[in-house]
Amino acid sequence: MMSAEIKVSVIIPVYNAGLYLEECLDSVLRQTLRKLEIICVDDGSTDRSLEILRAYAHRDDRLKIIEQGNQGAGAARNAGMAMARGGYLAFMDADDLYRSSALAQAYAQAVDEKADLLAFDAVYFTPESEWRDPQLNRRLLAGRRAASAETDPDFLFQLFSCNTWCKLYRRDFIQQKGLRYQEIKTANDLYFVFAALAYAERIAVLDRPLVKHRVLHSGNLQSVKEQTPLDFVAALKKLGQDLRQNGLWEALGQSYLNAALHHFAYNWATLGQGGRRQIRDRAQEIIALLELERHPPDFYYSGKDYPLACRITGFKGERGPAAMDRLKSLLKRILPPPVYTFHREAAGLKQYMLELSAGQSARQNQQQKQMERLMQQQEELLQNVERLFRQNEEIQAHLKAIEAANK
């Protein structure tokens with residue numbers, strides 16, 4: 001098959017996946033999109049996985065095999081990318097399943113949207129049940145078919161999961177940006193996915209569950225996480241460094257820090273006592289990573305994750321009064337009791353602003369302009385009130401002078 005004919009390269013890291021591998025491969029080979037290549041990277045399997053791969057490759061020449069010693073999923077995906085020749089890249093886990101028309105639908109919309117990256121939804125399943133687990137933030141996307149760092153800077157990393165198996169990537173785009181998976185034991189796709197989201201000029205959105213992700217109830221992943229519980233920190237540091245070096249920090253910094261806070265909370269919740277102890281031992285590093293000393297609590301979108309991070313790291317930062325609180329304090333000193341009605345309105349405005357910053361509004365394209373307008377109006381109001389306060393002091397001083405002169 002000529003490389004120009006290959007529309008999608010499906011890259012599958014394989015490590016001791018013999019129990020589920022045939023079902024996975026069948027779901028790819030039965031795709032209605034026929035112009036595929038399937039690159040399976042055997043990562044030093046010790047079960048029947050390599051035997052299964054060779055049997056399938058003998059039956060279908062679209063399946064290619066790379067053999068390597070055990071290096072992890074990140075290294076295996078990088079090896080697959082180096083061989084890939086398709087217009088788009090898809091990364092699949094060796095125990096997951098594609099719906100029969102998944103790649104045809106994903107490829108068609110990616111091409112139609114001229115997308116660097118396309119994100120779609122997923123179904124999670126066990127032998128007993130299956131359920132839709134959102135990989136897209138529908139509330140923030142509000143039915144839109146596309147997004148980008150330019151249109152959604154405040155919430156880019158909240159719009160999509162960091163799972164790589166629910167996305168399609170334009171190969172030329174990945175090559176131009178020099179993106180590779182980190183070769184760490186866990187969280188090896190976090191940097192790759194979020195960096196691709198940050199650099200993509202257009203991210204297409206397909207709100208359909210195209211992949212079925214198998215949930216395995218075993219201790220294997222947990223034991224690996226306990227060995228390297230701070231891999232997610234390494235991934236987040238790498239992402240933060242890249243955003244700064246490429247001039248994206250000013251636009252994406254808040255979204256990044258909130259994503260970092262979310263992944264901190266998630267990893268804390270899924271680690272055992274040994275892993276948690278290592279996180280506590282690196283408390284100052286976590287405080288610096290999340291920039292807890294630089295931002296007030298309402299900078300962070302989650303009302304639960306921020307207090308958790310403070311409790312775990314022992315961070316007890318003090319914060320000065322926000323502009324709205326300063327405004328209310330001034331009004332209490334210079335206006336009569338009916339101003340309490342304004343207090344309630346001001347509290348409502350503050351809550352509205354917090355809800356905007358926390359992502360409660362789905363109208364992302366309007367949000368930034370609306371927030372800037374509110375902040376400008378708030379600052380103008382504050383300046384007017386401070387001016388009124390000064391005038392009031394001058395009037396009071398003038399009245400005291402008149403009163404003194406009349407005595």
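Remember, predicted model here, so these are calculated numbers, not experimental data. (Residues numbered from 1 in each chain as written. Predicted model: local features only at pLDDT ≥ 70, side-chain atom pairs only at ≥ 80, totals over all residues. Heavy atoms only, no water.)

Here we look at the environment of Ala196
Structurally, Ala196 can be placed in helix 8 (residues 190–199). In the structure, Ala196 is positioned 79 residues away from Leu117 in sequence and 7.6 Å away in space, judged by C-alpha atoms. Apart from residues lying up to four places away in sequence, Ala196 is in contact with Leu117, Tyr169, Phe173 and Leu179. (Helix = DSSP H or I, 4+ residues; strand = E, 2+ residues; numbered from the N terminus. Contact = heavy atoms within 4.5 Å.)

What about the pairing of strand 3 (residues 63–68)?
Across 6 bridges, strand 2 (residues 36–43) lies against strand 3 in parallel orientation. Bridge assignment links Cys40 to a residue of strand 3, and that residue is Ile65. Note that the unit made of strand 2, helix 2 (residues 49–59) and strand 3 has a crossover that is right-handed. (Pairing = 2+ DSSP bridges. Right-handed = clockwise from strand over helix to strand, strands pointing away.)

Structural notes on the nonpolar core
Counting 74 residues, the largest nonpolar core has Phe157 and Phe160 as the members making the most contacts within it. Excluding residues that lie within four positions of it along the chain, Phe160 makes contacts with Ala119, Gln135, Leu136, Leu141, Ala147, Lys167, Phe194, Leu197, Ile203 and Val205. Listed in part, the 40 residues of the second largest apolar core include Ile12, Ile52, Ala110 and Val211. (Core = buried A, V, L, I, M, F, W, Y, C linked by side-chain atoms within 4.5 Å. Buried < 20%, exposed > 50% of the residue type's maximum accessible area, 1.4 Å probe, protein only.)

Focus on the pattern of salt bridges
Enumeration according to the criterion identifies 21 salt bridges in this entry. Asp207 is the partner of Arg138 in a salt bridge, and the nearest nitrogen-oxygen pair spans 3.1 Å. One end of the pair, Arg138, is in helix 5 (residues 138–141); the other, Asp207, is in strand 10 (residues 203–214), and 69 residues separate them in sequence. With a relative accessible area of 40%, Asp207 lands in the partly exposed category. For the salt bridge of Lys237 with Glu285, the shortest nitrogen-to-oxygen distance reads 2.5 Å. With Lys237 in helix 10 (residues 231–245) and Glu285 in helix 13 (residues 283–290), the pair connects residues that are 48 residues apart, well separated along the chain. In this structure, a network of salt bridges that share partners links the residues Asp112, Glu113, Arg145 and Arg202. (Salt bridge = Lys/Arg side-chain N within 4 Å of Asp/Glu carboxyl O.)

Things to note about helix 1 (residues 21–29)
Buried within helix 1 are the following residues: Leu21, Cys24, Leu25, Ser27, Val28 and Leu29. Summarising the contacts, the buried residues of helix 1 are in contact with strand 1 (8–14), strand 2, helix 2, strand 3 and strand 5 (97–98).

Overview of helix 4 (residues 102–112)
Ala102, Leu103, Ala106, Tyr107, Gln109 and Ala110 are the residues of helix 4 that are buried. Positive backbone phi, approximately 50 degrees, marks Lys114, located one or two places after helix 4.

Regarding the packing of aromatic side chains
Summed over the entire model, instances satisfying the criterion amount to 13 aromatic pairs. Each ring, one from Tyr88 and one from Tyr107, has its centre 5.9 Å from the other, and the planes form 90 degrees; the classification is edge-to-face. Here the residue Tyr88 occupies a position in strand 4 (residues 88–91), and Tyr107 occupies one in helix 4, the gap between them amounting to 19 residues. With respect to burial, Tyr88 and Tyr107 carry one shared label: buried. These aromatic residues form a ring-pair network of at least three members: Phe91, Tyr169, Tyr181 and Phe192. (Phe/Tyr/Trp six-rings, centres within 6.5 Å; stacked < 30°, edge-to-face > 60°.)

Section: the confidence of the model for the chain
Any segment with low pLDDT has predicted coordinates that should not be analysed in fine detail. The pLDDT averaged across the chain works out to 87; a share of 83% of its residues lies at or above 70. Per-residue pLDDT stays below 50 along residues 318–323; that stretch engages in 7 contacts with residues further than four places along the chain or on separate chains. Confidence over residues 360–366 falls short of pLDDT 50; this stretch has 16 contacts with residues more than four positions distant or in other chains. (pLDDT = per-residue confidence, 0-100.)

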